[in-house]
Amino acid sequence: MKTETKFVALLDRMTCIPCLAMRYTAENIGERAMFKRHGFGGSPDDRYTFFYLPNSNTCSYDPNKLGDDYTAGTCCSYMRDHWDEIESGSVLDAEFLRGERNEPKSWGNEYALDMLEVLE
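Residues numbered from 1 in each chain as written. Predicted model: local features only at pLDDT ≥ 70, side-chain atom pairs only at ≥ 80, totals over all residues. Heavy atoms only, no water.

**Remarks on the side chain of Thr-71**
When you line up the elements, Thr-71 lands in helix 2 (residues 69-81). The residues contacting Thr-71, other than those within four sequence positions of it, are Leu-10, Leu-11, Asp-12, Thr-15, Ile-17, Ala-94 and Arg-98. (Helix = DSSP H or I, 4+ residues; strand = E, 2+ residues; numbered from the N terminus. Contact = heavy atoms within 4.5 Å.)

**Some details on unusual backbone geometry**
In the Ramachandran plot, Met-14 falls in the positive-phi region, its phi being about 55° despite a non-glycine side chain. Along the chain, Met-14 falls in the loop between strand 1 (2-12) and strand 2 (15-25). Taking the relative accessible area as the measure of exposure, Met-14 reaches 78% and is therefore exposed. The phi dihedral of Asn-57 is positive, around 55°, even though this residue is not glycine. (Buried < 20%, exposed > 50% of the residue type's maximum accessible area, 1.4 Å probe, protein only.)

**Describing the pattern of salt bridges**
For side chains of opposite charge, pairing can occur when their charged atoms come near one another. With the rule as written, the count across this model stands at eight salt bridges. A salt bridge links Asp-93 to Arg-101, with the nearest nitrogen and oxygen atoms 3.2 Å apart. The partly exposed category is assigned to Arg-101, whose relative accessible area is 32%. In this structure, a network of salt bridges that share partners links the residues Asp-12, Arg-13, Asp-93, Glu-95, Arg-98, Glu-100, Arg-101 and Lys-105. (Salt bridge = Lys/Arg side-chain N within 4 Å of Asp/Glu carboxyl O.)

**Quick look at the pairing of strand 3 (residues 48-53)**
Judged by how many residues are buried, strand 3 sits mostly within the fold: five of six residues are covered. Where strand 3 lies against strand 4 (residues 58-60), three bridges are found, and the strand directions are antiparallel. When the sheet's bridge partners are listed, Leu-53 is paired in strand 4 with Thr-58. Taking the residues between adjacent antiparallel strands as the criterion, strand 3 and strand 4 are bridged by four residues, where Asn-57 takes a positive phi near 55°. (Pairing = 2+ DSSP bridges.)

What follows is the structure, encoded as structure tokens:
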């Protein structure tokens, strides 16, 4: 099984949620059969993305079942649909994704720089 992981920050107003995203791709018939048996399809082209929010100890393949549809749901839905465009260590700005901001937040803006001070 091919496994890819990304660790990103989900940002919103006064919110920063760490998220570990894992994408699995079945590489043989047995793995596809296991996914299919448990309700995940079974096509050779299927990708299965799971999201883990360590602060709330929540894990789901459905972005809208993470307990926070507004921030986590918005960002994780985007991540699932734009997986290859997102780098591990980056931030996803829910306000920008919802069209509430003209530019996305990044590690380089004032909000994120406050977070970086904690790391120094």
